[in-house]
Amino acid sequence: MELGLAALRPRVGQAERRLPTGVWQEETVTFMDENPYLGWGLRPVEMADQAVLNPFFASLSHPLSDYTFSQLFTWRNSLRILWKIIDSHLCVFANGTGDLTLLMPPIGDTAGDRALNSAYDLMTEFNATHGVEHRTRVEYVSEELLARFDATPFDIRPMGADYVYDVARMIDLAGGDLASKRQAKNRFMRNYEYRVEPYEASRHREACMALLDTWKINQDAKHLEEPNSSSIKRSKESIATELCLESAAALGLRGMAVYVKDPQAAASDFALRAFTFGEQLGVDQSSITIEKTDLSIKGLAQFIFSEFCRLNWSHLPLVNVGDDWGLETLAWTKQSYRPVKMLQKFVLRRQAAIISPTGFQTAPALEQSSIPSPVIDSAVETPLIIRSAKKQDLEAALHLERATFTHHAISKRQMNYLCRRQSAIFLVAELNGQIVGDGIALVRHQKSGRTGRIYSLVVRPEFRGRKIGRKVLQALLDQLHHRGVQRVYLEVEQGNDAAAGLYEDAGFKVIGTLPDYYSPGHHGIHMMHEAAREAHLFKGVA
């Protein structure tokens, strides 16, 4: 049993982070505070808050699937969702694992910058108190809300998108590109006896709970090789689904249950094999928030999605099934239904630099994972900034590559690709407004875990000897390790003693030689860096 088209979407107001492959990783942090938000003016979401919060969401023209009261309420326990009105703006936070995240930008009519800055300051102070200041961020930012704020102080990164479909096409599954979906739906309708019922908690809740329990057990058994956080995540999803099953009517959700008869069983043996929930989203969308389907019954997933749209959402032109969690299989499935629109989402972090007492300045690299500031080196006396590369840095970085590597320089096309790629870490070292060095690392996700590779490390000749390369390398290692990478590899040309010495000082060890690696007669040295496990232990992938 697996998820159907639209899974209940986890909200990332916790220490979860999207890996380069798009999967989610959760780092559990435990604090002694039973109520760590007391004294911060934050309130847990209660059903009585619906009348207060709904008008904020109703004011949006193009809301994301995340922007509804039902999503906040059903995930309130799993992610410890909190809210506060700041300068007449709704600010929604999450405190699922100890850090405080702004789960969406402040929602209000005008002058949102002050509310955003106040909310960010609140998060920063809270997280600094708990030693996790580097996790402060604003997530699930829509293009509509992004346009309401001055984005200059923030680093803006994509974090997925909602898939939006034409409702009429989802009902008929018409056209050659949806032929396989239509055939699967028709095959189910031919081969099985079934009945469809509007969800009522008193009639369907227990059977839905049994299906949910079976789904979780089967998913846990199917992913035995995954670390424990996968099971934790499914448990949180189950908790949210249970609350939805209990509260659907009060939340105004529409639900549907599908009973299917086993062809080999007695005439009366119908069993609940699928259920789904949704709600209206803005003026022209419906949002499918939950779909649980027994996929051992072929075509049932296609049937329940199409039938739910026909019975409940035919009066609206669009249906939103949320994002894909960054999972390739889920992304493939959602793409296969041919979306007509993608509602982009972003994550924001402040770009403010940190200045040490020695005068060394560094801007934290702002990836989708939580990243510490690079280590400060007092040997660099002028202000040095190590930060994520931006598009405007590429020409300078390309010039560095070409000036350093005669035969193996990264091309302009490769440079553009690496700057955009989620699985690449691309840093530049900036001194007095000039790019004086850069470093690129790659992350590879495998069944056995995540490994990293130092792909390039360059410092302008006139700035060598000032430990800039050492700092860029350390920043790359920090980011790799905080993405869950335990082993980092690199190759260096035999005879390049300065580079080999730098890597050895950083903890790399020679693990082999690579004959003719660079060209005939130019051999390579293969090196590896292994993180201290107790210092960089991550609890897996969901």
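What comes next is a walk through the structure. In this numbering scheme, every chain counts its residues from 1 along its sequence in written order. Under the rules for a predicted model, residues below a pLDDT of 70 receive no local features and side-chain atom pairs below 80 are neither given nor counted, while totals for whole chains, interfaces and linings still include all residues. With hydrogens and water stripped out, all remaining heavy atoms of the structure feed into the side-chain values.

## Quick notes on the pattern of salt bridges
Close approach of charged atoms lets side chains of opposite charge pair. A carboxyl oxygen of Asp or Glu within 4 Å of a side-chain nitrogen of Lys or Arg is what we treat as a salt bridge. Across all of its chains, the model carries 26 salt bridges by this definition. We note a salt bridge from Asp294 to Arg273, for which the minimum N-O separation is 3.9 Å. Linking Asp294 in the loop between strand S13 (285–293) and helix H9 (300–312) with Arg273 in strand S12 (residues 270–281), this pair joins segments that are 21 residues apart in sequence. Between Arg470 and Asp505 there is a salt bridge, with its nearest N and O atoms 3.8 Å apart. A run of DSSP states H or I qualifies as a helix once it reaches four residues; a run of E qualifies as a strand once it reaches two. Both are numbered from the N-terminal end.

## Looking at the packing of helix H13 (residues 468–482) against helix H14 (residues 497–505)
The N-to-C vectors of H13 and H14 enclose an angle of 50°; their axes lie 11 Å apart at closest approach. With respect to H14, the axis of H13 lies oblique. Like other packed secondary-structure pairs, H13 and H14 cross with a definite hand, here right-handed. Within the contact between the two elements, H13 uses Gly469, Arg470 and Leu473 and H14 uses Leu502, Tyr503 and Asp505. For this classification, the nonpolar set comprises Ala, Val, Leu, Ile, Met, Phe, Trp, Tyr, Cys and Pro, the charged set comprises Asp, Glu, Lys and Arg, and every other residue, Gly included, is treated as polar. Its residues placed into classes, the contact of H13 with H14 shows 3 nonpolar, 1 polar and 2 charged. Only C-alpha atoms enter the line fits that serve as axes; for helices the fit covers just the stretch in contact. Angles between N-to-C directions range over 0 to 180 degrees. Our angle categories are set so that under 35 degrees counts as roughly parallel, over 145 as roughly antiparallel, 65 to 115 as roughly perpendicular, and the remainder as oblique. Working rule for handedness: look at the near helix, and if it is turned counterclockwise from the far one by less than a right angle, call the crossing left-handed; if clockwise, right-handed. In what follows, residue pairs with any heavy atoms lying within 4.5 Å of each other are defined as contacts.

## Details of the environment of Tyr455
Mapped onto the elements of the fold, Tyr455 is located in strand S21 (residues 449–459). Sequence spacing of Tyr455 and Leu442 is 13 residues, and the spatial spacing of their C-alpha atoms is 6.7 Å. Once residues within four sequence positions are removed from consideration, Tyr455 is found in contact with Ile410, Gln414, Leu418, Ile440, Ala441 and Leu442.

## Section: H14
Only protein chains enter the area calculation, which uses a 1.4 Å probe; residues under 20% of their type maximum are buried, those over 50% are exposed, and those in between are partly exposed. Among the residues making up H14, those that are buried are Ala499, Ala500, Leu502 and Tyr503. The buried residues of H14 occupy an angular sector of 155° when projected down its axis, which confines them to one face. Facing away from the buried side of H14 by over 90 degrees, the exposed positions are Asp497, Ala498 and Asp505. Taken from the helix axis, the directions to the C-beta atoms give the arc we talk about.

## Remarks on the pairing of S13
When a strand is regular, its side chains alternate between the sheet's two faces. In terms of residue burial, S13 counts as a mostly covered element, since 9 of its 9 residues are buried. In this analysis, strands are considered paired if DSSP registers two or more bridges between them. The pairing of S12 with S13 spans 8 bridges and is antiparallel. What sits directly across from Phe275, in S13, is Lys292. Once S12 ends, the chain turns through 3 residues before running back antiparallel as S13, passing Gly282 with a positive phi of about 65°. With 3 bridges joining them, S13 and strand S14 (residues 318–320) adopt parallel strand pairing. The residue of S14 that forms the bridge with Ser287 is Asn320. Note that the unit made of S13, H9 and S14 has a crossover that is right-handed. Throughout, right-handed denotes a crossover for which the path from the first strand over the helix to the second runs clockwise when the strands point away from the viewer.

## Concerning the packing of aromatic side chains
Between rings of Phe, Tyr and Trp, where Trp is taken as its six-membered ring, a pair exists when centres lie within 6.5 Å; planes separated by under 30 degrees are stacked, by over 60 edge-to-face, and by other angles tilted. According to the stated counting rule, one finds 14 aromatic pairs in the structure shown. Feature note: the residues Phe188, Tyr192, Tyr194 and Phe303 constitute an aromatic cluster, connected by ring pairs. Any Lys NZ or Arg CZ found within 6 Å of a ring centre and within 35 degrees of that ring's normal is scored as a charge over the ring. Taking the ring centre of Tyr259 as reference, the NZ or CZ of Arg195 above it sits at 4.3 Å. Against the face of Phe270 rests Arg195, its NZ or CZ located 5.4 Å from the ring centre.

## Description of the pairing of strand S5 (residues 81–86)
Here strand S4 (residues 43–44) runs beside S5; their pairing, made up of 2 bridges, is antiparallel. What sits directly across from Pro44, in S5, is Leu82. Looking at chain direction, S5 and strand S6 (residues 89–94) are connected through 6 bridges and run antiparallel. Bridge pairing in S6 links Trp83 to Val92. The loop that links S5 with its antiparallel partner S6 comprises 2 residues; one of these, Asp87, has a positive phi angle of about 50°.

## Regarding the environment of Thr241
Relative to the helices and strands, Thr241 resides in helix H8 (residues 228–251). With 49 residues separating them along the chain, Thr241 and Ile290 place their C-alpha atoms 7.7 Å apart.

## Considering the environment of Leu253
Within the secondary structure, Leu253 sits in the loop between H8 and strand S11 (254–261). With a relative accessible area of 11%, Leu253 lands in the buried category.

## Let's talk about unusual backbone geometry
Comment: phi is negative for the bulk of residues other than glycine, and the bulk of peptide bonds are trans. Backbone geometry at Ser88 places phi at a positive 65°, although glycine is not the residue there. Looking at the element boundaries, Ser88 is found in the loop between S5 and S6. The exposure class assigned to Ser88 is exposed, which follows from its relative accessible area of 58%. At Arg338, a position not held by glycine, the phi torsion is positive, near 60°. Residue placement: Arg338 occurs in the loop between helix H10 (328–336) and strand S15 (341–350).

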